[in-house]
Amino acid sequence: MDLMYPSITVKELKEILQNEVITILDVQETEDFEKYHIEGATNLPIGEFVTEAENLRKDLTYYVISKAGVRTVRACDYLASLGYDVVNIQGGLNAWQNLNNS
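Residues numbered from 1 in each chain as written. Predicted model: local features only at pLDDT ≥ 70, side-chain atom pairs only at ≥ 80, totals over all residues. Heavy atoms only, no water.

## Structural notes on the nonpolar core
Moving on, step 1. One finds L25, F49, L56, Y62, V64, L79 and V86 to be the most contacted residues of the largest nonpolar core, which totals 16 residues.
Moving on, step 2. Those elements that place two or more of their residues in this core are strand 4 (61–65) and helix 4 (71–81).
Moving on, step 3. Ignoring any residue separated from it by four or fewer positions in sequence, one finds V86 in contact with Y5, P6, Y62, V64, C76, L79 and A80. (Core = buried A, V, L, I, M, F, W, Y, C linked by side-chain atoms within 4.5 Å. Buried < 20%, exposed > 50% of the residue type's maximum accessible area, 1.4 Å probe, protein only. Helix = DSSP H or I, 4+ residues; strand = E, 2+ residues; numbered from the N terminus. Contact = heavy atoms within 4.5 Å.)

Quick look at the structure:
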């Protein structure tokens, strides 16, 4: 099954955040999330997805981010398979930090 969902860059994310309130789902492990995350993001570690994903609201679009952007694909695939509206953020928090530090 080929799941289709959009992907955006961190630059596009920054532009969206300037104009609207969105729901960012950060799939880093809790200790990494506590060290660094985008303000307002909700932490849902990838290891807790199977038990916790069903508690998410179906009427929201989730912008999914991880540290390097690798886990987001797994998370987006899983959420999309459950019928959630998801957007993959490419490059993850590493790219986000680079964008905001340049």
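On we go.
## Brief notes about the environment of R74
Moving on, step 1. Along the chain, R74 turns up in helix 4.
Moving on, step 2. On the basis of relative accessible area, R74 is assigned to the exposed category, the value being 54%.
Moving on, step 3. Distance in space between the C-alpha atoms of R74 and T42 is 17 Å, their sequence separation being 32 residues.

## Quick look at the pattern of salt bridges
For side chains of opposite charge, pairing can occur when their charged atoms come near one another.
Moving on, step 1. All chains considered together, the criterion is met by 3 salt bridges.
Moving on, step 2. Across the salt bridge formed by E29 and R71, the nearest N and O atoms sit 3.8 Å from each other. Highlighted residues: E29 in the loop between strand 2 (23–26) and helix 2 (30–35) and R71 in helix 4, separated in sequence by 42 residues.
Moving on, step 3. You can call E29 partly exposed: its relative accessible area is 28%.
Moving on, step 4. Ionic pairing is found between K35 and D32, a salt bridge with its closest N-O pair at 4.0 Å. You can see K35 and its partner D32 sitting in helix 2, 3 residues apart, about one turn around the helix.
Moving on, step 5. For K35, a relative accessible area of 67% puts it in the exposed group. (Salt bridge = Lys/Arg side-chain N within 4 Å of Asp/Glu carboxyl O.)

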